[in-house]
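Descriptive structure summary
Each chain is listed here by its residues.
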Amino acid sequence: MNGGFDNDMYLRTQSEHIRERIEHFGGKLYLEFGGKLFDDYHASRVLPGFKPDSKISMLMEFGNQAEAIVVINAEDIVKNKIRKDIGIGYDSEVFRLVDSFRDRGIHVCGLVITHYNGQEVADRFQRKAEALGLKVYRHYPIAGYPSNIPLIASDEGYGRNEFVETTKPLVVVTAPGPGSGKMAVCLSQLYHENKRGTPAGYAKFETFPIWNLPLSHPVNIAYEAATSDLSDSNMIDPFHLEAYGKTTVNYNRDVEIFPVLNSILEGISGESPYRSPTDMGVNMAGNCIVDDEAVRKAANNEIVRRYFAILRDRREGKADDEMVFKSELLMKRAGISPEYRKVVSVVRERMTETERPVVAAEMPCGIIVEGKASPLLTASSAMILNALKILARIDDSVMLISPEVIRSMQRLKVDYLGNRNPRLHIDEMLVALSIAANTDPVAEKAFAKLPSLRGCDVHSSVVISQVDEGLYKKLGMYVSSEPEYQTKCLFHGN
(Lines give C-alpha, C1' and ligand atoms only; values in the text may rest on other atoms or scores of the structure.)
Protein backbone atom coordinates (compact mmCIF):
# COMPACT_ATOMS: atom_id res chain seq x y z
CA MET A 1 0.00 0.00 0.00
CA ASN A 2 1.33 3.44 -0.91
CA GLY A 3 1.96 5.63 2.11
CA GLY A 4 -0.42 8.58 2.14
CA PHE A 5 0.56 10.02 5.54
CA ASP A 6 3.88 11.53 6.62
CA ASN A 7 4.39 10.25 10.17
CA ASP A 8 7.61 12.18 10.77
CA MET A 9 5.92 15.44 9.77
CA TYR A 10 3.07 14.58 12.11
CA LEU A 11 5.33 14.02 15.12
CA ARG A 12 7.10 17.32 14.46
CA THR A 13 4.14 19.59 13.67
CA GLN A 14 1.82 18.09 16.29
CA SER A 15 4.28 18.60 19.14
CA GLU A 16 5.03 22.15 17.95
CA HIS A 17 1.33 23.00 17.91
CA ILE A 18 0.78 21.69 21.43
CA ARG A 19 3.77 23.70 22.67
CA GLU A 20 2.18 26.83 21.19
CA ARG A 21 -1.04 26.08 23.07
CA ILE A 22 0.88 25.58 26.34
CA GLU A 23 2.53 28.99 25.90
CA HIS A 24 -0.82 30.58 25.06
CA PHE A 25 -2.16 29.56 28.47
CA GLY A 26 0.86 30.76 30.41
CA GLY A 27 2.81 27.56 30.74
CA LYS A 28 0.35 24.79 31.70
CA LEU A 29 -2.11 22.79 29.59
CA TYR A 30 -4.55 20.02 30.47
CA LEU A 31 -4.91 18.04 27.24
CA GLU A 32 -7.92 15.74 26.98
CA PHE A 33 -6.79 12.81 24.86
CA GLY A 34 -9.56 10.97 23.04
CA GLY A 35 -9.32 7.77 21.03
CA LYS A 36 -6.59 5.14 21.27
CA LEU A 37 -3.37 6.53 22.71
CA PHE A 38 -0.97 3.61 22.25
CA ASP A 39 -2.42 1.34 19.60
CA ASP A 40 -4.53 3.37 17.20
CA TYR A 41 -4.95 0.73 14.51
CA HIS A 42 -7.96 2.50 13.02
CA ALA A 43 -5.81 5.53 12.27
CA SER A 44 -3.07 3.37 10.78
CA ARG A 45 -5.60 1.70 8.49
CA VAL A 46 -7.23 4.87 7.15
CA LEU A 47 -4.04 6.96 7.10
CA PRO A 48 -1.44 4.62 5.54
CA GLY A 49 1.89 5.67 7.00
CA PHE A 50 0.44 6.56 10.42
CA LYS A 51 2.05 4.34 13.03
CA PRO A 52 -0.24 2.86 15.71
CA ASP A 53 1.90 4.35 18.50
CA SER A 54 2.36 7.75 16.81
CA LYS A 55 0.47 9.68 19.47
CA ILE A 56 2.49 8.39 22.39
CA SER A 57 5.66 8.88 20.33
CA MET A 58 4.61 12.48 19.82
CA LEU A 59 4.14 12.93 23.58
CA MET A 60 7.62 11.53 24.15
CA GLU A 61 8.89 14.57 22.23
CA PHE A 62 8.10 16.54 25.42
CA GLY A 63 10.47 14.44 27.54
CA ASN A 64 10.16 15.25 31.24
CA GLN A 65 7.84 18.18 30.49
CA ALA A 66 4.79 15.88 30.27
CA GLU A 67 2.88 13.77 32.76
CA ALA A 68 -0.43 11.90 32.69
CA ILE A 69 -3.68 11.45 34.57
CA VAL A 70 -5.63 8.25 33.85
CA VAL A 71 -9.41 8.34 34.32
CA ILE A 72 -11.99 5.60 34.83
CA ASN A 73 -15.74 5.87 35.44
CA ALA A 74 -16.86 3.99 38.56
CA GLU A 75 -19.94 2.79 36.69
CA ASP A 76 -17.72 1.21 34.02
CA ILE A 77 -16.02 -0.78 36.80
CA VAL A 78 -19.43 -1.87 38.10
CA LYS A 79 -20.53 -2.98 34.60
CA ASN A 80 -17.17 -4.68 33.93
CA LYS A 81 -17.00 -2.76 30.66
CA ILE A 82 -14.72 -4.35 28.04
CA ARG A 83 -12.48 -2.71 25.49
CA LYS A 84 -13.63 -4.76 22.50
CA ASP A 85 -10.59 -4.38 20.25
CA ILE A 86 -8.23 -6.07 22.72
CA GLY A 87 -10.74 -7.93 24.87
CA ILE A 88 -9.81 -6.69 28.35
CA GLY A 89 -11.83 -4.83 30.98
CA TYR A 90 -11.54 -1.08 31.49
CA ASP A 91 -10.12 -1.73 34.97
CA SER A 92 -7.29 -3.84 33.53
CA GLU A 93 -6.80 -1.36 30.69
CA VAL A 94 -6.09 1.36 33.26
CA PHE A 95 -3.06 -0.59 34.50
CA ARG A 96 -1.95 -1.28 30.93
CA LEU A 97 -2.11 2.46 30.21
CA VAL A 98 -0.07 3.25 33.31
CA ASP A 99 2.55 0.64 32.35
CA SER A 100 2.72 2.03 28.81
CA PHE A 101 3.31 5.56 30.09
CA ARG A 102 5.95 4.44 32.54
CA ASP A 103 7.75 2.32 29.94
CA ARG A 104 8.14 5.50 27.88
CA GLY A 105 9.36 7.64 30.76
CA ILE A 106 6.11 9.59 31.23
CA HIS A 107 5.13 10.00 34.88
CA VAL A 108 1.56 9.12 35.87
CA CYS A 109 0.66 11.59 38.59
CA GLY A 110 -2.73 10.14 39.43
CA LEU A 111 -5.62 7.80 38.74
CA VAL A 112 -9.04 9.44 38.98
CA ILE A 113 -12.23 7.47 39.63
CA THR A 114 -15.11 9.59 38.29
CA HIS A 115 -18.80 9.32 39.18
CA TYR A 116 -17.78 7.84 42.51
CA ASN A 117 -20.80 7.25 44.71
CA GLY A 118 -19.65 4.63 47.19
CA GLN A 119 -19.62 1.70 44.76
CA GLU A 120 -18.08 -1.31 46.49
CA VAL A 121 -16.30 -2.56 43.35
CA ALA A 122 -14.80 0.92 42.89
CA ASP A 123 -13.49 0.74 46.46
CA ARG A 124 -11.89 -2.64 45.75
CA PHE A 125 -10.36 -1.28 42.55
CA GLN A 126 -8.96 1.70 44.47
CA ARG A 127 -7.41 -0.55 47.11
CA LYS A 128 -5.78 -2.66 44.41
CA ALA A 129 -4.44 0.42 42.59
CA GLU A 130 -3.06 1.90 45.79
CA ALA A 131 -1.45 -1.43 46.69
CA LEU A 132 0.33 -1.21 43.32
CA GLY A 133 1.68 2.21 44.26
CA LEU A 134 -0.75 4.48 42.38
CA LYS A 135 -2.20 7.67 43.81
CA VAL A 136 -5.99 7.46 43.49
CA TYR A 137 -8.42 10.40 43.55
CA ARG A 138 -12.21 10.50 43.62
CA HIS A 139 -14.53 12.75 41.64
CA TYR A 140 -18.17 12.86 42.59
CA PRO A 141 -21.49 13.25 40.73
CA ILE A 142 -22.77 16.84 40.56
CA ALA A 143 -26.52 17.40 40.65
CA GLY A 144 -27.79 18.92 37.41
CA TYR A 145 -24.55 18.28 35.53
CA PRO A 146 -23.74 19.69 33.00
CA SER A 147 -26.40 22.42 32.93
CA ASN A 148 -26.24 23.66 36.54
CA ILE A 149 -23.26 25.95 35.90
CA PRO A 150 -23.36 27.88 39.22
CA LEU A 151 -23.15 24.62 41.18
CA ILE A 152 -20.58 23.02 38.87
CA ALA A 153 -18.15 25.95 39.09
CA SER A 154 -18.32 26.17 42.88
CA ASP A 155 -16.73 24.64 45.96
CA GLU A 156 -19.70 22.23 46.19
CA GLY A 157 -19.22 21.17 42.56
CA TYR A 158 -15.74 20.87 41.08
CA GLY A 159 -14.36 22.14 44.37
CA ARG A 160 -15.55 18.96 46.10
CA ASN A 161 -13.47 16.78 43.80
CA GLU A 162 -10.03 15.71 44.97
CA PHE A 163 -7.29 17.73 43.26
CA VAL A 164 -4.49 15.87 41.48
CA GLU A 165 -1.15 17.53 42.17
CA THR A 166 0.68 18.14 38.88
CA THR A 167 4.07 19.70 38.19
CA LYS A 168 4.62 19.54 34.41
CA PRO A 169 3.64 22.04 31.66
CA LEU A 170 1.69 19.35 29.77
CA VAL A 171 -0.79 17.11 31.59
CA VAL A 172 -2.32 14.42 29.38
CA VAL A 173 -5.72 13.21 30.56
CA THR A 174 -6.72 9.88 29.06
CA ALA A 175 -8.99 6.90 29.75
CA PRO A 176 -9.75 3.35 28.61
CA GLY A 177 -12.71 4.49 26.51
CA PRO A 178 -15.44 7.06 25.88
CA GLY A 179 -17.71 8.31 28.65
CA SER A 180 -15.02 8.04 31.32
CA GLY A 181 -15.19 11.71 32.32
CA LYS A 182 -11.92 13.04 30.88
CA MET A 183 -13.31 16.47 30.06
CA ALA A 184 -14.83 16.88 33.53
CA VAL A 185 -11.49 15.93 35.12
CA CYS A 186 -9.69 18.58 33.03
CA LEU A 187 -12.25 21.24 33.99
CA SER A 188 -12.16 20.22 37.65
CA GLN A 189 -8.38 20.59 37.61
CA LEU A 190 -8.75 24.04 35.98
CA TYR A 191 -11.13 25.07 38.75
CA HIS A 192 -8.63 24.10 41.44
CA GLU A 193 -5.70 25.67 39.55
CA ASN A 194 -7.66 28.93 39.23
CA LYS A 195 -8.40 28.91 42.99
CA ARG A 196 -4.66 28.52 43.56
CA GLY A 197 -3.82 31.34 41.17
CA THR A 198 -2.03 29.06 38.70
CA PRO A 199 -2.45 29.95 34.99
CA ALA A 200 -3.64 26.86 33.10
CA GLY A 201 -5.71 26.00 30.05
CA TYR A 202 -7.67 23.18 28.48
CA ALA A 203 -7.51 21.72 24.98
CA LYS A 204 -8.77 18.59 23.29
CA PHE A 205 -6.93 16.06 21.14
CA GLU A 206 -9.10 13.91 18.87
CA THR A 207 -7.67 12.40 15.70
CA PHE A 208 -11.13 12.00 14.13
CA PRO A 209 -13.04 13.47 12.53
CA ILE A 210 -10.28 15.45 10.85
CA TRP A 211 -11.46 19.05 11.09
CA ASN A 212 -9.84 20.34 7.89
CA LEU A 213 -11.03 17.54 5.60
CA PRO A 214 -14.45 17.78 3.91
CA LEU A 215 -17.45 16.24 5.61
CA SER A 216 -17.76 13.80 2.71
CA HIS A 217 -14.10 12.72 2.75
CA PRO A 218 -13.80 8.92 3.19
CA VAL A 219 -11.55 9.37 6.25
CA ASN A 220 -14.33 11.22 8.07
CA ILE A 221 -16.98 8.78 6.88
CA ALA A 222 -14.80 5.90 8.10
CA TYR A 223 -14.81 7.50 11.56
CA GLU A 224 -18.61 7.40 11.59
CA ALA A 225 -18.48 3.77 10.51
CA ALA A 226 -16.10 3.00 13.37
CA THR A 227 -18.33 4.65 15.99
CA SER A 228 -21.74 3.49 14.78
CA ASP A 229 -22.38 1.88 18.17
CA LEU A 230 -21.96 5.30 19.83
CA SER A 231 -24.43 7.04 17.46
CA ASP A 232 -21.74 9.62 16.64
CA SER A 233 -22.12 11.63 13.47
CA ASN A 234 -19.92 14.20 11.78
CA MET A 235 -21.24 17.68 11.14
CA ILE A 236 -20.14 21.14 10.11
CA ASP A 237 -19.08 23.13 13.16
CA PRO A 238 -21.73 25.89 13.20
CA PHE A 239 -19.91 27.91 15.88
CA HIS A 240 -16.71 28.04 13.82
CA LEU A 241 -18.60 28.96 10.68
CA GLU A 242 -20.36 31.81 12.47
CA ALA A 243 -17.21 33.06 14.22
CA TYR A 244 -14.75 32.88 11.33
CA GLY A 245 -16.75 32.21 8.15
CA LYS A 246 -14.78 28.99 7.64
CA THR A 247 -16.17 25.48 7.20
CA THR A 248 -14.67 22.86 9.52
CA VAL A 249 -15.81 19.40 10.61
CA ASN A 250 -16.52 18.22 14.12
CA TYR A 251 -18.76 15.58 15.60
CA ASN A 252 -22.15 15.89 17.19
CA ARG A 253 -21.25 15.37 20.84
CA ASP A 254 -18.59 18.11 20.84
CA VAL A 255 -20.89 20.54 19.03
CA GLU A 256 -23.81 19.79 21.37
CA ILE A 257 -21.75 20.21 24.55
CA PHE A 258 -19.82 23.30 23.42
CA PRO A 259 -22.25 25.98 24.76
CA VAL A 260 -22.26 24.25 28.15
CA LEU A 261 -18.48 23.80 28.13
CA ASN A 262 -18.02 27.45 27.24
CA SER A 263 -20.26 28.48 30.11
CA ILE A 264 -18.32 26.28 32.54
CA LEU A 265 -15.01 27.81 31.38
CA GLU A 266 -16.51 31.27 31.92
CA GLY A 267 -17.71 30.20 35.37
CA ILE A 268 -14.23 28.97 36.28
CA SER A 269 -12.06 31.82 35.02
CA GLY A 270 -14.46 34.58 34.01
CA GLU A 271 -14.04 34.09 30.26
CA SER A 272 -13.63 31.37 27.67
CA PRO A 273 -10.65 31.31 25.28
CA TYR A 274 -12.67 29.48 22.60
CA ARG A 275 -15.29 30.48 20.06
CA SER A 276 -15.92 27.01 18.63
CA PRO A 277 -15.32 23.31 19.28
CA THR A 278 -12.76 23.38 16.47
CA ASP A 279 -10.85 26.05 18.41
CA MET A 280 -10.49 23.61 21.31
CA GLY A 281 -8.77 20.98 19.17
CA VAL A 282 -5.04 20.68 18.53
CA ASN A 283 -5.05 17.87 15.95
CA MET A 284 -2.70 18.39 13.00
CA ALA A 285 -3.20 15.03 11.24
CA GLY A 286 -4.99 16.59 8.27
CA ASN A 287 -1.92 18.68 7.50
CA CYS A 288 0.25 15.56 7.21
CA ILE A 289 -1.65 13.80 4.41
CA VAL A 290 0.73 13.72 1.46
CA ASP A 291 -1.21 11.46 -0.93
CA ASP A 292 -4.94 12.05 -0.78
CA GLU A 293 -5.72 9.32 -3.31
CA ALA A 294 -3.94 6.66 -1.23
CA VAL A 295 -5.71 7.86 1.91
CA ARG A 296 -9.12 7.84 0.19
CA LYS A 297 -8.59 4.25 -0.97
CA ALA A 298 -7.51 3.12 2.49
CA ALA A 299 -10.47 4.83 4.15
CA ASN A 300 -12.96 3.39 1.64
CA ASN A 301 -11.57 -0.07 2.34
CA GLU A 302 -12.09 0.55 6.05
CA ILE A 303 -15.72 1.62 5.51
CA VAL A 304 -16.38 -1.70 3.78
CA ARG A 305 -14.56 -3.66 6.49
CA ARG A 306 -16.72 -1.97 9.12
CA TYR A 307 -19.80 -2.98 7.12
CA PHE A 308 -18.76 -6.65 7.24
CA ALA A 309 -18.00 -6.32 10.96
CA ILE A 310 -21.57 -5.09 11.54
CA LEU A 311 -22.96 -7.99 9.49
CA ARG A 312 -21.00 -10.39 11.67
CA ASP A 313 -22.16 -8.65 14.85
CA ARG A 314 -25.76 -8.98 13.67
CA ARG A 315 -25.22 -12.67 13.05
CA GLU A 316 -23.90 -12.99 16.61
CA GLY A 317 -26.73 -10.94 18.11
CA LYS A 318 -24.52 -7.92 18.90
CA ALA A 319 -26.06 -5.55 16.32
CA ASP A 320 -29.46 -4.97 14.79
CA ASP A 321 -30.88 -4.18 11.34
CA GLU A 322 -30.73 -0.44 12.04
CA MET A 323 -26.95 -0.56 12.49
CA VAL A 324 -26.60 -2.53 9.26
CA PHE A 325 -28.76 0.04 7.47
CA LYS A 326 -26.62 2.88 8.82
CA SER A 327 -23.49 1.09 7.60
CA GLU A 328 -25.04 0.71 4.17
CA LEU A 329 -25.87 4.42 4.11
CA LEU A 330 -22.28 5.30 4.94
CA MET A 331 -21.07 3.21 2.00
CA LYS A 332 -23.59 4.98 -0.21
CA ARG A 333 -22.34 8.38 1.00
CA ALA A 334 -18.82 7.31 0.09
CA GLY A 335 -20.06 6.17 -3.33
CA ILE A 336 -18.86 2.59 -2.87
CA SER A 337 -20.20 -0.95 -2.44
CA PRO A 338 -18.72 -4.04 -0.73
CA GLU A 339 -17.12 -4.96 -4.06
CA TYR A 340 -15.00 -1.79 -3.90
CA ARG A 341 -12.51 -4.08 -2.18
CA LYS A 342 -11.19 -6.39 -4.89
CA VAL A 343 -10.80 -9.26 -2.44
CA VAL A 344 -14.55 -9.27 -1.78
CA SER A 345 -15.35 -9.78 -5.46
CA VAL A 346 -12.78 -12.58 -5.73
CA VAL A 347 -14.06 -14.43 -2.66
CA ARG A 348 -17.70 -14.13 -3.65
CA GLU A 349 -16.93 -15.51 -7.09
CA ARG A 350 -15.08 -18.46 -5.57
CA MET A 351 -18.02 -19.10 -3.23
CA THR A 352 -20.11 -19.96 -6.33
CA GLU A 353 -17.51 -22.51 -7.38
CA THR A 354 -16.66 -24.36 -4.14
CA GLU A 355 -18.08 -25.07 -0.71
CA ARG A 356 -14.64 -25.02 0.86
CA PRO A 357 -13.66 -21.89 2.85
CA VAL A 358 -11.74 -19.41 0.71
CA VAL A 359 -9.56 -16.44 1.67
CA ALA A 360 -8.17 -13.78 -0.68
CA ALA A 361 -5.61 -11.04 -0.02
CA GLU A 362 -4.54 -8.04 -2.06
CA MET A 363 -0.76 -7.83 -2.01
CA PRO A 364 1.17 -4.54 -1.74
CA CYS A 365 1.94 -4.84 -5.46
CA GLY A 366 -1.77 -5.20 -6.29
CA ILE A 367 -1.70 -8.96 -6.98
CA ILE A 368 -4.57 -10.98 -5.52
CA VAL A 369 -3.50 -14.19 -3.79
CA GLU A 370 -5.95 -16.88 -2.70
CA GLY A 371 -6.05 -19.82 -0.33
CA LYS A 372 -8.53 -22.67 0.14
CA ALA A 373 -9.06 -24.90 3.14
CA SER A 374 -7.52 -28.35 2.74
CA PRO A 375 -7.19 -31.42 4.96
CA LEU A 376 -3.84 -29.96 6.13
CA LEU A 377 -4.35 -26.19 6.41
CA THR A 378 -7.03 -23.61 7.06
CA ALA A 379 -7.79 -21.29 4.17
CA SER A 380 -5.98 -18.47 5.97
CA SER A 381 -2.83 -20.56 6.48
CA ALA A 382 -2.87 -21.65 2.84
CA MET A 383 -3.29 -18.07 1.63
CA ILE A 384 -0.39 -16.78 3.73
CA LEU A 385 1.91 -19.53 2.47
CA ASN A 386 0.94 -18.68 -1.11
CA ALA A 387 1.52 -14.98 -0.43
CA LEU A 388 4.99 -15.62 1.01
CA LYS A 389 5.88 -17.64 -2.11
CA ILE A 390 4.87 -14.74 -4.34
CA LEU A 391 6.79 -12.21 -2.25
CA ALA A 392 9.89 -14.43 -2.18
CA ARG A 393 9.54 -15.35 -5.89
CA ILE A 394 9.26 -19.05 -5.11
CA ASP A 395 7.49 -21.33 -7.57
CA ASP A 396 4.02 -22.39 -6.45
CA SER A 397 4.93 -26.09 -6.80
CA VAL A 398 7.59 -25.87 -4.06
CA MET A 399 6.58 -27.42 -0.71
CA LEU A 400 7.76 -25.07 2.05
CA ILE A 401 6.57 -27.38 4.84
CA SER A 402 6.70 -31.14 4.54
CA PRO A 403 3.24 -32.80 4.62
CA GLU A 404 4.73 -35.30 7.08
CA VAL A 405 5.55 -32.47 9.51
CA ILE A 406 2.01 -31.11 9.20
CA ARG A 407 0.49 -34.55 9.81
CA SER A 408 2.68 -34.96 12.88
CA MET A 409 1.40 -31.65 14.24
CA GLN A 410 -2.16 -32.74 13.45
CA ARG A 411 -1.61 -35.92 15.43
CA LEU A 412 -0.53 -33.79 18.39
CA LYS A 413 -3.61 -31.55 18.01
CA VAL A 414 -6.21 -34.28 17.62
CA ASP A 415 -4.87 -37.38 19.37
CA TYR A 416 -3.09 -35.77 22.33
CA LEU A 417 -4.61 -32.29 22.81
CA GLY A 418 -8.21 -33.21 21.99
CA ASN A 419 -8.85 -30.68 19.20
CA ARG A 420 -11.58 -31.57 16.69
CA ASN A 421 -10.17 -29.43 13.85
CA PRO A 422 -6.97 -31.01 12.50
CA ARG A 423 -6.11 -28.18 10.08
CA LEU A 424 -3.19 -25.96 11.07
CA HIS A 425 -4.12 -22.41 11.99
CA ILE A 426 -1.84 -19.51 11.07
CA ASP A 427 0.21 -19.68 14.28
CA GLU A 428 0.76 -23.44 13.95
CA MET A 429 1.68 -23.13 10.29
CA LEU A 430 4.16 -20.34 11.06
CA VAL A 431 5.81 -22.43 13.79
CA ALA A 432 6.26 -25.24 11.28
CA LEU A 433 7.62 -22.80 8.69
CA SER A 434 10.06 -21.28 11.18
CA ILE A 435 11.43 -24.74 12.00
CA ALA A 436 11.78 -25.59 8.31
CA ALA A 437 13.60 -22.28 7.77
CA ASN A 438 16.45 -23.47 10.05
CA THR A 439 17.56 -26.09 7.52
CA ASP A 440 15.90 -25.09 4.23
CA PRO A 441 17.16 -21.87 2.53
CA VAL A 442 14.00 -21.68 0.41
CA ALA A 443 11.78 -21.83 3.49
CA GLU A 444 13.99 -19.18 5.14
CA LYS A 445 13.55 -16.96 2.08
CA ALA A 446 9.77 -17.18 2.44
CA PHE A 447 9.86 -16.80 6.23
CA ALA A 448 11.88 -13.57 5.92
CA LYS A 449 9.04 -12.01 3.90
CA LEU A 450 6.55 -12.06 6.78
CA PRO A 451 6.92 -8.30 7.48
CA SER A 452 5.92 -7.61 3.87
CA LEU A 453 2.41 -8.90 4.60
CA ARG A 454 1.69 -5.80 6.68
CA GLY A 455 -1.07 -3.70 5.13
CA CYS A 456 -2.50 -6.48 2.94
CA ASP A 457 -6.28 -6.34 2.55
CA VAL A 458 -7.93 -9.72 3.33
CA HIS A 459 -11.43 -11.19 2.99
CA SER A 460 -12.76 -14.62 3.93
CA SER A 461 -15.81 -16.59 2.80
CA VAL A 462 -16.48 -17.68 6.40
CA VAL A 463 -16.11 -16.16 9.86
CA ILE A 464 -12.46 -16.46 10.81
CA SER A 465 -11.51 -18.28 14.00
CA GLN A 466 -10.32 -16.21 16.94
CA VAL A 467 -6.88 -17.77 16.64
CA ASP A 468 -6.42 -16.78 13.00
CA GLU A 469 -8.04 -13.37 13.55
CA GLY A 470 -5.51 -12.60 16.29
CA LEU A 471 -2.61 -13.62 14.05
CA TYR A 472 -3.87 -11.41 11.22
CA LYS A 473 -3.79 -8.48 13.63
CA LYS A 474 -0.25 -9.31 14.76
CA LEU A 475 0.88 -9.55 11.13
CA GLY A 476 -0.71 -6.16 10.38
CA MET A 477 -3.15 -7.58 7.80
CA TYR A 478 -6.59 -5.99 7.49
CA VAL A 479 -9.20 -8.75 7.53
CA SER A 480 -12.96 -9.09 7.13
CA SER A 481 -15.32 -11.97 6.44
CA GLU A 482 -18.73 -12.90 5.14
CA PRO A 483 -21.20 -13.45 8.01
CA GLU A 484 -21.25 -17.22 7.46
CA TYR A 485 -19.88 -20.00 9.62
CA GLN A 486 -17.97 -22.97 8.26
CA THR A 487 -20.28 -25.40 10.09
CA LYS A 488 -23.91 -25.42 11.22
CA CYS A 489 -22.92 -25.86 14.88
CA LEU A 490 -24.29 -23.42 17.45
CA PHE A 491 -20.94 -23.18 19.24
CA HIS A 492 -17.97 -22.07 17.17
CA GLY A 493 -14.60 -22.59 18.82
CA ASN A 494 -11.16 -22.61 17.28
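Relevant structure appears above.
Residues numbered from 1 in each chain as written. Predicted model: local features only at pLDDT ≥ 70, side-chain atom pairs only at ≥ 80, totals over all residues. Heavy atoms only, no water.

Burial runs high along strand E11 (residues 358–362): five of the five residues are buried. Covered by surrounding structure in E11 are Val-358, Ala-360 and Glu-362 together with Val-359 and Ala-361, the residues of both alternating faces. Pairing geometry for E11 and strand E12 (residues 368–372), over five bridges, is antiparallel. Each residue of the ladder has a partner; that of Glu-362, found in E12, is Ile-368. Remark: five residues form the turn of the hairpin made by E11 and E12, two consecutive strands paired antiparallel; Gly-366 in that turn has positive phi of roughly 100°. Across four bridges, E11 lies against strand E13 (residues 457–460) in antiparallel orientation. Directly across from Ala-361, in E13, lies its bridge partner Val-458. (Buried < 20%, exposed > 50% of the residue type's maximum accessible area, 1.4 Å probe, protein only. Helix = DSSP H or I, 4+ residues; strand = E, 2+ residues; numbered from the N terminus. Pairing = 2+ DSSP bridges.)

This brings us to the packing of helix H16 (residues 379–391) against helix H20 (residues 466–475). Running from amino to carboxyl end, H16 crosses H20 at an angle of 30°, the nearest separation of the two axes being 10 Å. Accordingly, the angle class assigned to the pair H16 and H20 is roughly parallel. In terms of crossing hand, the pair formed by H16 and H20 is left-handed. Two secondary-structure elements touch here, H16 through Ser-380, Met-383 and Ile-384 and H20 through Asp-468, Tyr-472 and Leu-475. (Axes fitted to C-alpha atoms, helices over the stretch in contact; angles between N-to-C directions. Parallel < 35°, antiparallel > 145°, perpendicular 65-115°, else oblique. Left-handed = near helix turned anticlockwise from the far one by under 90°. Contact = heavy atoms within 4.5 Å.)

Structurally, Arg-21 is set in helix H1 (residues 7–24). Here Arg-21 sits buried without a salt bridge, and the closest side chain of opposite charge, Asp-279, lies 6.8 Å off (N-O distance). The residues contacting Arg-21, other than those within four sequence positions of it, are Leu-29, Ala-203, Tyr-274, Asp-279, Met-280, Gly-281 and Val-282. (Lys, Arg positive; Asp, Glu negative; His and termini not counted. Salt bridge = Lys/Arg side-chain N within 4 Å of Asp/Glu carboxyl O.)

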